[in-house]
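Below are the chains, spelled out letter by letter.
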Amino acid sequence: MKTLIKNGLVVNATGTGLADVLIDGETIAAVLAPGSNLLGFDLERNVDTVIDAAGKYVIPGGIDAHTHMQMPFGGTEASDTFETGTRAAAHGGTTSIVDFVVQYAGENVLDQYKAWHEKAAGQCAIDYGFHQILSDVQDSSLVAMDELVAEGVSSFKMFMAYKGVFLSDDGQIVKAMQKGAENGALMMMHAENGSVIDLLVEQAVRAGNTSPYNHGLTRPWQAEEEATHRAIMLANLTGAPLYVVHVSAKQAVDQIATARDNGQNVFGETCPQYLYLSLEDNLGATSDEWGPFEGAKWVCSTPLRSKAEGHQHHMWQALRTNDIQMVSTDHCPFCMKGQKDMGLTDFSKIPNGIGSVEHRMDLMYQGVVDGHISLSRWVELTSTTPARMFGMYGTKGVIQPGADGDIVVYDPNGHTSIGVGKTHHMNMDYSAYEGYEIDGHVDTVLSRGKIVVDDDTYVGTKGDGRFFKRGLSQYLI
């Protein structure tokens, strides 16, 4: 099958230009001047499908490098399966995800890797890759790291919080980082001081402060800044590259910026929730249905920060200055009824997570409209840098000959209303962005040359997506 996308404004991280894009099979064959006769005078007649993108943007498909489909957590499991979650991602213009293989203490890393393949195989609407979570760093885990890099899993995540669930102590972190420095893997870190948080949570619950608002108060920015600094120092000690996930505190950004100014391979991501949502407006929300428990909808970790302290403004600034390099979602949805309400009388029992894989591209485009970032920076943050950071660039993250035909036709004159019953294909009973209005619209989504979403309709097939093996990071300084 050949597809011609004509008359659109092609937007890459390096700039924009009017061009026609020819896709032959699964890959981009040519990027041509509009109406070019270079490949013949009857190009339109010699293709199977023509998409007229006049007045629209033609961008590389989004890459969400931080998702948790079907993740077991807190006595339940994330409500999106690989099938429902990737289909929702496609609706929102994301054509690749990198999900996390979970390893709890005592489990074998390679056994878990096999289990995640079994979950995802034949289910996904779009392409997918894996990161590997390491909890207790066993000797077998270090051997597995080499095997997984060869398998195309070149990034490993550890936690400085969640004692008894995910927490790795500093010695275990150093051992894994030493291996990462040796084999080139990118080491990822959930940076919060878990011991401090556990104490504050215990004190809050004992005092009767059990509403979701207290989730934010018991995970203060100091706990994030300290852990971020500690992770940077351990990475500095070992020589491993470090990627700090879901950065929410402006003080943590400053730690990353300082390390980068000193020439260290340290990188950070943030998420839409840390740009748009806040402690006051969301964790502190009330409703007729749920009362003060309404805030449970936005319980995630790291937590939403205080807008009075200016974290959201600082995060946009960090995206402009490249102190933070990319935007993922940390998509880990739970329904209010039957899942989040497990913590109705104790916020510490609320499953942590927000669902937003469907809305990341739109929310970040609104940042273009509102003057926070440029058009090319939008593409860089949501597609190109994720591809480079995680060893996919050239195949993903760019519109150029030889790249996969992962393309989104985006209408800047369109409109998207976010909310249940509007644009909501994730498997959850509420929207974290209910009522948000976006001055743009995902019109058509192609995954490896196949149209999977057209005019708000999913036209793909379960199993269209396939596992991709990633190389080492292409973003190191």
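Conventions used here
- Residues numbered from 1 in each chain as written.
- Predicted model: local features only at pLDDT ≥ 70, side-chain atom pairs only at ≥ 80, totals over all residues.
- Heavy atoms only, no water.
- Salt bridge = Lys/Arg side-chain N within 4 Å of Asp/Glu carboxyl O.
- Helix = DSSP H or I, 4+ residues; strand = E, 2+ residues; numbered from the N terminus.
- Buried < 20%, exposed > 50% of the residue type's maximum accessible area, 1.4 Å probe, protein only.
- Phe/Tyr/Trp six-rings, centres within 6.5 Å; stacked < 30°, edge-to-face > 60°.
- Lys NZ or Arg CZ within 6 Å of the ring centre and 35° of its normal.
- Core = buried A, V, L, I, M, F, W, Y, C linked by side-chain atoms within 4.5 Å.
- Domains from an automatic or database assignment.
- Contact = heavy atoms within 4.5 Å.
- Buried area = accessible area lost by both parts, 1.4 Å probe.
- Polar contact = N/O pair within 3.5 Å; in protein donor to acceptor, adjacent residues only side chain to side chain.
- Nonpolar A, V, L, I, M, F, W, Y, C, P; charged D, E, K, R; others polar.

This part takes up the pattern of salt bridges. Applying the stated criterion across every chain, the model contains 22 salt bridges. The shortest N-O distance in the salt bridge between Arg 87 and Glu 83 comes to 3.4 Å. One end of the pair is Arg 87 and the other is Glu 83, both in helix α1 (residues 82-91) and four residues apart, which spans about a single turn. Under the relative-accessibility criterion, Glu 83 is labelled partly exposed at 27%. Glu 182 is paired through a salt bridge with Lys 179; the nearest N and O atoms lie 3.1 Å apart. In this pair, Glu 182 and Lys 179 are both assigned in helix α4 (residues 170-183), three residues apart and thus about one turn of the helix distant.

Attention now goes to the packing of aromatic side chains. One pass over the structure, following the stated rule, counts 20 aromatic pairs. Where Tyr 162 meets Phe 166, the ring centres are 6.3 Å apart and the plane angle is 80°; that geometry is what we call edge-to-face. With a centroid separation of 5.6 Å and 75° between ring planes, the pair formed by Phe 267 and Tyr 475 is classed as edge-to-face. Of this pair, Phe 267 sits in strand β14 (residues 266-270) while Tyr 475 sits in the segment after β21 (457-458), and the two are 208 residues apart along the sequence. For the pair shown, Phe 267 and Tyr 475 are each scored as buried. The aromatic ring of Trp 116 is capped on one face by Lys 119, whose charged end is 3.7 Å from the ring centroid. Stacked on the ring of Phe 100, the Lys or Arg Lys 157 has its end atom at 4.6 Å from the ring centre.

Ranked by internal contacts, the top residues of the largest apolar core, which has 133 residues, are Phe 130, Met 177 and Trp 378. Counting the residues that make up this core, at least three belong to each of domain 1 (2-59 + 395-413 + 438-458) and domain 2 (61-389). Ignoring any residue separated from it by four or fewer positions in sequence, one finds Met 177 in contact with Met 158, Met 187, Met 189, Ala 231, Leu 234, Ala 235, Thr 238, Ala 240 and Leu 242. In terms of nonpolar packing, the next biggest core, distinct from the first, is built from 15 residues, Ala 19, Ile 23, Val 398 and Val 409 among them.

Moving on, we come to the domain arrangement of the chain. When its domains are assigned, the chain resolves into domain 1 (2-59 + 395-413 + 438-458) and domain 2 (61-389). A straight line from the C-alpha centre of domain 1 to that of domain 2 covers 32 Å. Domain 1 puts 29 residues into the contact, and the matching count from domain 2 is 26 residues. Sorting the residues of domain 1 by area buried against domain 2 places Ala 13, Ile 438 and Tyr 458 first, and these three jointly supply 24% of that buried surface. Where domain 1 packs against domain 2, one counts two salt bridges. For the pair domain 1 and domain 2, the number of links is seven residue pairs in polar contact (both at pLDDT 80 or more). For the side of domain 1 that touches domain 2, the residue count by class is 16 nonpolar, seven polar and six charged.

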